[in-house]
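# What the coordinates show
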Amino acid sequence: MLQYIWKRLLLLIPVVLGVSLFIFLAVNAASGDYVDSLNTDDMTKEEIIAIRAHYGLDKPLLVRYGHYMLDLLHGNLGKSYSTGLPVFEMFMSKIGNTLYLTIGASLVCWILAIPLGIFAAQHQGTIFDNAASVLGVLGLSIPNFWLGLVLIIVFAQYLRILPSGGAETAASVILPAITLGTGQMAVLMRTTRSTMVDCLSQDYLRTARAKGVAEKRVINLHALRNALIPIINITLTQFAASLAGAALTETVFSWPGVGKMIIDGINQRDTPVVCGSLILKCIIISLTMLLIDLLFVAVDPRVRTSFVTVKGGKKENV
Amino acid sequence: MFKKKEKRQSIASQYAKRTKLGEIWYRLKKNKGAMVGLAIVALFVLIAIFADVMFDYDTQIAGYNLRNKLIKPCLEHPFGTDEMGRDLFARLLYGTRFSMAIAFSSVLFSVCVGLPLGAMCGYLGGKFDLIAMRLLDILRSIPGILMGIVIVSWLGQSTVNLVIAIGFSMIAPLASTTRAAVLTVRNTEYVESARSIGISEWRIVMVHIIPNCLSTILVQITLRVANAIIAASSLSFLGLGVPIPSPEWGALLSAGRAHIRNASYLTIFPGMAIMVLVLSLNVLGDGLRDAMDPKMYK
């Protein structure tokens, strides 16, 4: 078991290497570097050269990558060009906001998706089931950022009951959470429905009903418990994905989170911020995947006995 | 009574005549939702093809007339006009061409790379599979939208680069779907017998394996086109899409966002267009999956 965890953690190394190489090269190969994104009109040529040298931007790309990796080995993610703060600190200061948003979104998602999925499975083939599946496809088809804008138009402009952006008041989280949560809802609802459909046709449910167990108990205790594995899997994967930065939603609502930081970083060619945040993000996602697999071992005796790990299901890109 | 028997016989004779494709079509036809989806997608394709017959690009789409700016939806301008006095309805219809072309070409790009890659991984297995899959894992750990942003800012902002960026971010999922499909077919008896009579590996993959995975892959492609439309509009929305004044849907949305306070229709209609097309593609994709799934056949 321990050996397995170690193996998974070791597999993180090539992923981090690959991601950092790809991002580092791509962001650096982009036309123009950080200095170009500054307003350099009233600087002399020497000053510009001095700034480049200060950030090490005058050195060849591979040398810079080498330096970056050397720092990374020492646990140093570098400093942001634009703010001068260490990237790790910046990430940590933003992750709280993102965590807050993610929890809100997940609550919206669970409250809507799981009961709806169970309900659809119970009424398989009826009009309720069809309505739920239409709702599911609709959730997959609405562009998330557009939903955010529509919510802003309705709730912030016409009704004037909720703020349209920022994170100043407690109510600010409501609209972004609904936007992000409904996007995730569709996938979770479909998974819940299909696993519940599988579970509901199992023999042990018939046995339970024959014994006279109340229908509510049959569904909630006997069926749902066995359907939990895929549900947990999707839930945690989505949680990790949006924790790592729901870039679009955060941009639409000017939510000061990690996703917005990465997008701003790309626009400013702030390589350390982009690279460092994406590396941390990958680590978060990979650790969550590991956690999911370990959780399976804890929840499902079938997995425990055979110790064949269930591979993480579909990954969701947000 | 008699009619019923006749009907049954005609169904039986139809069934006997149907080819595999005909069978899929027959089953798809029974799925009302999928047929509606297909009709809407076909309509959008027609609009995309004949956009330049309906509108003159230089005067009606890109040309501006500030006297007409920000007119609310009315009879003459069903979706209103934008800040340059351009008719949103016309721009939206013309934008179908951009959005669809970008979506289809980026999916084509990812198919051209992902399909052979996935097929080789699944068929060859071994070290090649291991290394390629690890590389794809790395690509997959970067969310699609961020990857798109990075690639567009790397290559520069243009329509072609947008296609590359979206296509590139879809390679990994497509390759792994193909790989999984190939893995299920690889060890079947007919592949074994093809090998035993000395057919070349290449021919086995091209003639025997890929056609048998096509149904899975086709469904993936339909759903990927839907994803690509959303991805393209997301990137355009962030200002990384097609250059102005091209009326791509995401670009329209992005332009409309500036007037969200005084002209919210500029934001609402483009998003609806995206939603309707993506919804149709998703419903069609789901219908295709059901039609091709032998388990669903009753």
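Every value quoted in this text rests on a predicted model; they were computed, and no experiment measured them. (Residues numbered from 1 in each chain as written. Chains lettered and ligands numbered in written order. Predicted model: local features only at pLDDT ≥ 70, side-chain atom pairs only at ≥ 80, totals over all residues. Heavy atoms only, no water.)

### Topic: the nonpolar core
One recurring pattern in soluble globular proteins: nonpolar side chains tend to sit buried together. Core analysis: the largest hydrophobic core is formed by 129 residues, its most contacted members being A:I23, B:L146 and B:I149. Considering each element in turn, this core owes the most residues, 16 residues, to helix α10 (residues 201-237) of chain B. Aside from chain neighbours lying at most four places away, what touches B:I149 is A:I263, A:I266, B:L235, B:L238 and B:L240. Among the nonpolar cores identified, the runner-up in size contains 23 residues, and A:A120, A:A208, A:I219 and A:I231 belong to it. (Core = buried A, V, L, I, M, F, W, Y, C linked by side-chain atoms within 4.5 Å. Buried < 20%, exposed > 50% of the residue type's maximum accessible area, 1.4 Å probe, protein only. Helix = DSSP H or I, 4+ residues; strand = E, 2+ residues; numbered from the N terminus. Contact = heavy atoms within 4.5 Å.)

### Remarks on the interface of chain B and chain A
Contact residues are listed per partner, giving 38 residues for chain B and 41 residues for chain A. When chain B packs against chain A, the two sides together hide about 3600 Å² of surface, and 73% of this comes from carbon and sulfur. The largest share of the area that chain B buries against chain A comes from B:L146, B:V150 and B:W154, three residues that together contribute 15% of it. Our count for the contact surface shared by chain B and chain A stands at one salt bridge. (Buried area = accessible area lost by both parts, 1.4 Å probe. Salt bridge = Lys/Arg side-chain N within 4 Å of Asp/Glu carboxyl O.)

### Focus on empty space enclosed by the protein
Residues and elements named next belong to chain B. Within this structure, the stated rule accounts for three cavities of 30 Å³ or more. Counted as a void, the second largest cavity has a volume near 50 Å³. Taken together, D82, E83, R86, L88, R91, L252, A255, G256 and L266 make up the full set of residues lining the second largest cavity. Elements with a contribution of two residues or more to the lining of the second largest cavity: α5 (88-124) and α11 (249-257). The element best represented in the lining of the second largest cavity is α11, accounting for three residues. Across the lining of the second largest cavity, the residue classes tally to four nonpolar, one polar and four charged. (1 Å grid on protein atoms, 1.4 Å probe; cavity = no way out; pocket = protein on both sides within 12 Å on 5 of 7 lines; lining within 4 Å. Points joined across faces, edges and corners; volume = space filled by probe spheres on them. Nonpolar A, V, L, I, M, F, W, Y, C, P; charged D, E, K, R; others polar.)

### What to know about the side chain of A:S20
All names here are of chain A. As for its position among the elements, S20 is in helix α1 (residues 2-29). A polar contact of 2.9 Å, which involves the side chain of S20, links it to the backbone oxygen of L17. Residues within four places of S20 in sequence aside, it is in contact with Y65, M69, C275 and I279. (Polar contact = N/O pair within 3.5 Å; in protein donor to acceptor, adjacent residues only side chain to side chain.)

### Regarding the packing of aromatic side chains
For the structure on display, the rule yields eight aromatic pairs over all chains. Ring geometry for A:F22 against B:F168: centres 6.1 Å apart, planes inclined by 10°, an arrangement best described as stacked. Residue A:F22 is found in helix α1, and its partner B:F168 is found in helix α8 (residues 159-186); the two belong to separate chains. Considering the side-chain rings of B:Y94 and B:F98, the 6.4 Å spacing of their centres and the 40° angle between planes classify their relative orientation as tilted. Note that B:Y94 and B:F98 are positioned in helix α5 at a spacing of four residues, about one turn of the helix. For B:Y94, a relative accessible area of 6% corresponds to the buried category. One aromatic cluster is present, formed by A:F24, A:Y65 and A:Y68 through successive ring pairs. (Phe/Tyr/Trp six-rings, centres within 6.5 Å; stacked < 30°, edge-to-face > 60°.)

### A short note on the layout of surface pockets
Residues and elements named next belong to chain A. Estimated volume of the second largest pocket: approximately 420 Å³. Lining the second largest pocket we find 19 residues, and of these Y55, Y68, D71, Y81 and P272 sit closest to its centre. Broken down by element, the residue count for the lining of the second largest pocket peaks at four residues, all from helix α3 (residues 61-73). Residues of the lining of the second largest pocket, tallied by class, amount to seven nonpolar, eight polar and four charged.

### Quick word on the environment of A:V273
All names here are of chain A. Structurally, V273 is set in helix α12 (residues 271-299). Separated by 159 residues in the primary sequence, V273 and I114 have C-alpha atoms spaced 37 Å apart. Apart from residues lying up to four places away in sequence, V273 is in contact with S80, V87, M90 and M261.

### Structural notes on the pattern of salt bridges
Residue and element names in this part refer to chain B. Inspection of every chain in the model, using the stated rule, returns 10 salt bridges over all chains. For E201, the salt bridge goes to R195, with nearest N and O atoms at 3.9 Å. Classification of E201 as partly exposed rests on a relative accessible area of 40%. For R195, a relative accessible area of 36% puts it in the partly exposed group.

### A word on a nonpolar patch on the surface
Residues and elements named next belong to chain A. There is a patch of nonpolar side chains on the surface, built from L99, I103, L107, W110 and I111 and spanning about 450 Å² of accessible area. Topologically, I103 is positioned in helix α4 (residues 87-122). Residue classification places I103 among the partly exposed positions, given a relative accessible area of 40%. (Patch = residues over 30% accessible without salt bridge, like charges linked within 9 Å, V, L, I, M, F, W, Y side chains within 5 Å. Areas by Shrake-Rupley, 256 points an atom, 1.4 Å probe, with all protein chains shown as cover.)

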